[in-house]
Amino acid sequence: MLTFERQQIILELVKEKQIVKIQELVDATNASESTIRRDLTELEELNKLKRIHGGASSLSKRLDEPTIAEKDTQNKDEKKAIAKYAASLVDDRDCIYLDAGTTMAEMIPFLQEKNCVVVTNGLNHIFSLIEHGIETHIIGGAVKAGTKASIGRGAIQGLENFRFDKVFIGTNGIHSKFGLTTPDPQEAFVKEKAIECSHKAFVVVDHSKFGETYFSKFANIESMVVITSSNTSESVIKDMRRKTEVEVVPI
């Protein structure tokens, strides 16, 4: 079987099943495991699929965006570990920005003793921040139903009134070539502005976001410190470290 034919079979299976194990691809193509691994590497480099532990998965659609409720149930233990480490980087009396994301929400309980000031565009964060006794400022703007984030012109104008020691940003996709991306251009503008207003910027990201790209880019890899977990593959971490600082939280 020609390489092109074998790779077409791989892509068709990934499209059909969303997630495919290496052994399934070996059985479908009668190729060796090492050959399938090479094919997966080539196809990932061509941005046709995403390699995962033990197989491959389809790429997310550029405009698809899960709601807060959907994201809150995904990789919860991993996000909590990442959030705890991220919160440990906050110093006493820091002024920080928390993006409207589920990992940032997990940071809040760990900020209680930090005596910090938080600015956020995440409506879901407000009650938790107040309950934990954290001085909180919310920026204005239009409210996005799915992510409960304030976006648009009002949010951008609100951010212009602040300067941050550190910002903590979430992302839908992180790719060594295409940078940090999210489906909504309006939300991307807010993330970009927050990074611009900060002394140091961190992106908090679980393993599932690597290799994904979405419609709107908001930052280059080089402009951020990446905080992820040991669930992220060593090859991906090595690739990221060629461009920026990466902090890996053990799981």
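Look up: the structure comes first, before these words.
Computed from a predicted model, the values in this text were never measured in an experiment. (Residues numbered from 1 in each chain as written. Predicted model: local features only at pLDDT ≥ 70, side-chain atom pairs only at ≥ 80, totals over all residues. Heavy atoms only, no water.)

Undergrad: Go over the overall build of the chain, please, and point to the residues and values.
TA: The secondary structure content of the chain amounts to ten helices and 15 strands. Its C-alpha radius of gyration of 19 Å places the chain within 12% of the 18 Å reference for a compact globule of 251 residues. With the principal axes as the frame, the chain shows a C-alpha extent of 65 × 35 × 30 Å. Counting contacts in the chain only where the partners sit at least 6 residues apart, residues at least 24 apart contribute 60% of the total. Positive and negative side-chain charges of the chain, numbering 33 and 37 respectively, have mean locations separated by a distance of 2 Å. (Helix = DSSP H or I, 4+ residues; strand = E, 2+ residues; numbered from the N terminus. Rg over C-alpha atoms; globule rule 2.2 N^0.38 Å. Contact = heavy atoms within 4.5 Å. Lys, Arg positive; Asp, Glu negative; His and termini not counted. Charge placed at Lys NZ, Arg CZ, Asp CG, Glu CD.)

Undergrad: Kindly report on the sheet that holds strand β9 (residues 164-169), identifying the contributing residues and their values.
TA: Pairing in this open sheet of seven strands is parallel, and the strands run β6-β5-β4-β9-β12-β14-β15 from one edge to the other. Strands at the two margins of the open sheet, each flanked by one partner only, are β6 (135-138) and β15 (246-249). Neighbour-to-neighbour, the strand axes of this sheet turn through a mean angle of 20 degrees, independent of strand direction. Looking at chain direction, strand β12 (residues 198-204) and strand β14 (residues 225-229) are connected through three bridges and run parallel. When the sheet's bridge partners are listed, Val-203 is paired in β14 with Val-226. The sheet strands contacting helix α5 (residues 76-88) are β9, β12, β14 and β15, and the helix crosses β14 at an angle near 140 degrees. Packed on one face of the sheet, helix α9 (residues 185-196) meets β4 (95-98), β9 and β12 and runs near 150 degrees to β9. (Pairing = 2+ DSSP bridges. Axes fitted to C-alpha atoms, helices over the stretch in contact; angles between N-to-C directions.)

Undergrad: Run through the packing of helix α1 (residues 3-17) against helix α2 (residues 22-29), naming residues and quoting values.
TA: Following both chains from N to C, one finds α1 and α2 inclined at 130 degrees, their axes separated by 10 Å at the closest point. Here α2 runs oblique to α1, going by the angle between their axes. For the crossing formed where α1 meets α2, the hand is right-handed. Each of Arg-6, Ile-9, Ile-10, Leu-13 and Lys-17 in α1 lies in contact with α2, whose residues at this interface are Glu-24, Leu-25, Ala-28 and Thr-29. Of the residues that constitute the contact of α1 with α2, the class distribution is five nonpolar, one polar and three charged. (Parallel < 35°, antiparallel > 145°, perpendicular 65-115°, else oblique. Left-handed = near helix turned anticlockwise from the far one by under 90°. Nonpolar A, V, L, I, M, F, W, Y, C, P; charged D, E, K, R; others polar.)

Undergrad: Mind laying out α5, listing which residues take part and the relevant values?
TA: For α5, spanning 13 residues, the distance from its first C-alpha to its last is 19 Å, which sits close to the expected 18 Å at 1.5 Å a residue. Among all positions in α5, only Glu-78, Lys-79, Ile-82, Ala-83, Ala-86 and Ala-87 are buried. Each buried residue of α5 sits inside an arc of 160 degrees when the element is viewed along its axis, so together they form one side. Exposed side of α5, more than 90 degrees from the buried face: Asp-77 and Lys-84 are the residues found there. (Expected span 1.5 Å × (residues − 1). Buried < 20%, exposed > 50% of the residue type's maximum accessible area, 1.4 Å probe, protein only. Arc of directions from axis to C-beta.)

Undergrad: Tell me what's going on with the environment of Phe-168, and back it up with residues and numbers.
TA: For Phe-168, the position within the fold is in strand β9. Separated by 58 residues in the primary sequence, Phe-168 and Val-226 place their C-alpha atoms 10.0 Å from one another.

Undergrad: Please provide a residue-by-residue account of the pattern of salt bridges, values included.
TA: One pass over the structure, following the stated rule, counts 14 salt bridges. A salt bridge links Glu-24 to Lys-17, with the shortest nitrogen-to-oxygen separation between them at 2.2 Å. According to the relative accessible area criterion, Glu-24 is partly exposed, its value standing at 28%. Residue Lys-17 is classed as partly exposed on the basis of its relative accessible area, which comes to 41%. For Glu-160, the salt bridge identified is with Lys-193, shortest N-O distance 3.8 Å. (Salt bridge = Lys/Arg side-chain N within 4 Å of Asp/Glu carboxyl O.)

Undergrad: For the side chain of Lys-191, give the residues involved together with the corresponding values.
TA: By the secondary structure assignment, Lys-191 is in helix α9. A polar atom in the side chain of Lys-191 sits 2.5 Å from the side chain of Asp-99. In this view, Lys-191 contacts Asp-99, Ile-169, Gly-170, Thr-182 and Phe-218; residues no more than four positions away in its chain are not counted. (Polar contact = N/O pair within 3.5 Å; in protein donor to acceptor, adjacent residues only side chain to side chain.)

Undergrad: Summarise the sheet that holds strand β11 (residues 179-182); cite the residues concerned and give the values.
TA: Strand pairing in a sheet relies on backbone hydrogen bonds. The paired strands run either parallel or antiparallel. Spatial strand order, β10-β11-β13: three strands in an open sheet with antiparallel pairing. With one partner strand each, in any of the chains shown, β10 (173-175) and β13 (216-219) form the two edges of the open sheet. Here the average twist between neighbouring strands, direction ignored, is 35 degrees. Pairing between β11 and β13: three bridges, direction antiparallel. The residue bridging Thr-182 from the neighbouring strand is Ser-216, located in β13. Packing of α9 onto the sheet brings it into contact with β11 and β13, and relative to β13 it is tilted by some 5 degrees.

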